[in-house]
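Results of the structural survey
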Amino acid sequence: MKIIVAIAFLLILGSLASALFYLMKDKGKSNRTVKALTMRVGFSITLFILILLAYKFGLIQPTGIR
């Protein structure tokens, strides 16, 4: 589960970096920045749902504040 979450974070950061690249390169004249940010939102929502499902099925456990 930790590996899946780490890969999802890398995908989110990669999408954010590509959006920044497209923003600087295209100067706002194309939709590539919007598409990259849309993918980032999709990855984030998918990660959130994945974490909720993993908790529901007992794959991850809360540790609480120590």
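Structure shown above.
The text that follows walks through the structure, step by step, so that each part is easy to find. Throughout this description, residue numbers start from 1 for each chain and increase along the sequence as written. The predicted origin of the model limits local features to residues at a pLDDT of at least 70 and limits the giving and counting of side-chain atom pairs to 80 or more, whereas totals for whole chains, interfaces and linings rest on all residues. Side-chain descriptors were evaluated using all non-hydrogen atoms of the structure, hydrogens and water having been removed beforehand.

**A few points about the pattern of salt bridges**
Between Lys or Arg on one side and Asp or Glu on the other, a salt bridge is scored when a side-chain nitrogen of the former is within 4 Å of a carboxyl oxygen of the latter. Inspection of every chain in the model, using the stated rule, returns 1 salt bridge. With a shortest N-O distance of 2.9 Å, R32 and D26 are connected by a salt bridge.

**Focus on the packing of helix α1 (residues 2-26) against helix α2 (residues 32-56)**
Interaxial angles span 0 to 180 degrees and are taken between N-to-C directions of axes, which are lines fitted to C-alpha atoms, for helices over the stretch in contact. Numbering goes from the N terminus for both helices and strands, where a helix is a DSSP run of H or I of at least four residues and a strand is a run of E of at least two. Two elements in contact, α1 and α2, have axes separated by 8 Å at closest approach and are oriented at 165°. One finds that α1 runs roughly antiparallel with respect to α2. Judged by the sense of rotation from one axis to the other, the crossing of α1 with α2 is left-handed. The nonpolar class holds Ala, Val, Leu, Ile, Met, Phe, Trp, Tyr, Cys and Pro. Asp, Glu, Lys and Arg form the charged class, and all remaining residues, Gly among them, are polar. Across the contact of α1 with α2, the residue classes tally to 16 nonpolar, 4 polar and 4 charged. The labels follow the angle: roughly parallel below 35 degrees, roughly antiparallel above 145, roughly perpendicular from 65 to 115, and oblique for the rest. Each crossing is labelled by how the near helix is turned from the far one, with a counterclockwise turn of less than a right angle marking it left-handed and a clockwise turn marking it right-handed.

**So, the side chain of S15**
In this structure, S15 sits in helix α1. By the criterion applied in these results, polar contacts are pairs of N or O atoms within 3.5 Å in which, for protein atoms, one can donate a hydrogen and the other can accept it, and in which residues neighboring in sequence qualify only through two side-chain atoms. A polar contact of 3.3 Å, which involves the side chain of S15, links it to the backbone nitrogen of R40. Sequence-distant contacts of S15, defined by excluding residues within four places in its chain, comprise A36, M39, R40 and F43. A contact between two residues is defined here by any heavy atoms of the two lying within 4.5 Å.

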